[in-house]
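In case you want the letters, here they are:
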Amino acid sequence: MKAEAPVVARTHGIVGLTTCACLIAFYAAGEPFGIINDIGNALLGVLSAALAWLLRTTTSLGTSSPTRRSVLFGVAVVGAVLTVVGTVLVVADITGFYLAGLWSSFGFALIGVWLVGISRLGLPRLPRAALVAGLVMLLGLVGVPGIVMGLDDMDNAPAWTFVAGLSWAGTYLLFPVWSLRLAGQDRTERRS
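Residues numbered from 1 in each chain as written. Predicted model: local features only at pLDDT ≥ 70, side-chain atom pairs only at ≥ 80, totals over all residues. Heavy atoms only, no water.

Asker: Provide a residue-level description of the overall build of the protein chain, including the pertinent values.
Answerer: Along the protein chain, the regular secondary structure elements total 8 helices and 0 strands. Counting from the amino terminus, the protein chain carries its helices and strands in the arrangement α-α-α-α-α-α-α-α. The dimensions of the protein chain, computed from C-alpha atoms along their principal axes, are 55 × 35 × 25 Å. In the form shown here, the protein chain has an accessible surface area of approximately 8,900 Å², with 70% of it arising from carbon and sulfur atoms. Of the side-chain charges in the protein chain, 12 are positive and 9 negative, and the distance between the mean point of each set is 24 Å. (Helix = DSSP H or I, 4+ residues; strand = E, 2+ residues; numbered from the N terminus. Areas by Shrake-Rupley, 256 points an atom, 1.4 Å probe, with all protein chains shown as cover. Lys, Arg positive; Asp, Glu negative; His and termini not counted. Charge placed at Lys NZ, Arg CZ, Asp CG, Glu CD.)

Okay, here's the thing in structure tokens:
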């Protein structure tokens, strides 16, 4: 693993858990926690792309083809861009939070594709945790028809769109915890 990867993984984990805490604080106390959460979403997406970049050439991915690793990295980058789109939509007041959240959860679902992919490529660092986090994040794909339909009213949204909301458990909890464990595992390996 590249020397920068543990730092990015640790930062990713902290940003993810902090962004989750800000969402909870927003529902409990209101602003400024909502805007902090929105910006945290974009930052978490960008850090996810950075982590994908740093892990894309790691030798621990075994003999998987460079093309497959590049495709997975590309999917993670597209996902990161979509997380930023979601943030821009809500912060610039172009859409409400619901439609912007569908965009962001779509982006994180694509990052989940990357996580599932690297868990299947033989990354020896916590493959089951990466797989589970990625699979939960993939639930964000359920919201894509809601994006196409322009759904932006949570009170009138079809029940199936709420399945996409479950993806946030992977994005805000499972993925950041995986990142922190990845960073900690690297530190343990260097001491050995």
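Asker: Could you give me a rundown of unusual backbone geometry, with the residues and numbers involved?
Answerer: Excluding glycine, residues mostly carry a negative phi; peptide bonds, for their part, are mostly trans. In the segment running from Glu 31 into Pro 32, the intervening peptide bond is cis, with an omega of 15°. Topologically, Pro 32 is positioned in the loop between helix 1 (5-29) and helix 2 (33-55). For Asp 93, which is not a glycine, the phi torsion comes out positive at approximately 60°. Structurally, the position occupied by Asp 93 is in the loop between helix 3 (66-91) and helix 4 (97-120).

Asker: I'd like a description of the nonpolar core, backed by residues and values.
Answerer: Within the largest apolar cluster, 30 residues are counted, with the highest numbers of intra-cluster contacts made by Leu 51, Leu 55, Trp 114, Leu 115, Phe 175, Trp 178 and Leu 182. Listed by contribution, the elements that provide at least two residues to this core are helix 1, helix 2, helix 3, helix 4, helix 5 (127-137) and helix 8 (167-191). Setting aside its immediate chain neighbours within four residues, Phe 175 contacts His 12, Ser 48, Ile 111, Trp 114, Leu 115, Ala 133, Met 137 and Gly 170. Counting residues in each nonpolar core, the second largest holds 10 residues, with Phe 106, Leu 110, Leu 151 and Ala 164 among its members. (Core = buried A, V, L, I, M, F, W, Y, C linked by side-chain atoms within 4.5 Å. Buried < 20%, exposed > 50% of the residue type's maximum accessible area, 1.4 Å probe, protein only. Contact = heavy atoms within 4.5 Å.)

Asker: Tell me about the packing of helix 3 against helix 4, residues and numbers included.
Answerer: Where helix 3 contacts helix 4, the axes come no closer than 7 Å and their chain directions differ by 165°. Taken together, the axes of helix 3 and helix 4 lie roughly antiparallel to each other. The hand of the helix 3/helix 4 crossing is left-handed. Here the contact of helix 3 with helix 4 is built from residues that sort into 20 nonpolar, 7 polar and 2 charged. (Axes fitted to C-alpha atoms, helices over the stretch in contact; angles between N-to-C directions. Parallel < 35°, antiparallel > 145°, perpendicular 65-115°, else oblique. Left-handed = near helix turned anticlockwise from the far one by under 90°. Nonpolar A, V, L, I, M, F, W, Y, C, P; charged D, E, K, R; others polar.)

Asker: How would you sum up the side chain of Asn 41? Please name residues and give values.
Answerer: Within the fold, Asn 41 resides in helix 2. Ignoring sequence-local partners within four residues, the contact set of Asn 41 consists of Thr 19, Thr 83, Thr 87, Phe 108, Trp 168 and Tyr 172.

Asker: Tell me about the state of the cysteines, and please be specific about residues and values.
Answerer: Taken as a whole, this structure holds 0 disulfides when the rule is applied. Not part of a disulfide, Cys 20 finds its nearest cysteine sulfur in Cys 22, a span of 9.3 Å. (Disulfide = S-S within 2.5 Å.)

Asker: How would you sum up a nonpolar patch on the surface? Please name residues and give values.
Answerer: Taken together, Ile 14, Leu 17, Val 132, Leu 173, Leu 174, Val 177 and Leu 180 make up a surface patch of nonpolar side chains, about 510 Å² in accessible area. Elements with a minimum of two residues in the nonpolar patch: helix 1 and helix 8. Residue contributions to the nonpolar patch peak at 4 residues, all from helix 8. Mapping Ile 14 onto the fold places it in helix 1. (Patch = residues over 30% accessible without salt bridge, like charges linked within 9 Å, V, L, I, M, F, W, Y side chains within 5 Å. Salt bridge = Lys/Arg side-chain N within 4 Å of Asp/Glu carboxyl O.)

Asker: Help me get a handle on the packing of helix 2 against helix 3, residues and values and all.
Answerer: Two elements in contact, helix 2 and helix 3, have axes separated by 8 Å at closest approach and are oriented at 165°. The orientation of helix 2 relative to helix 3 falls into the category roughly antiparallel. As helix 2 runs across helix 3, the sense of the crossing is left-handed. Of helix 3, the residues touching helix 2 (which contributes Ile 35, Asp 38, Ile 39, Asn 41, Ala 42, Gly 45, Val 46, Ala 49, Ala 52 and Trp 53) are Phe 73, Ala 76, Val 77, Ala 80, Thr 83, Val 84, Thr 87, Val 90 and Val 91. Looking at side-chain class alone, the contact of helix 2 with helix 3 contains 14 nonpolar, 4 polar and 1 charged residues.

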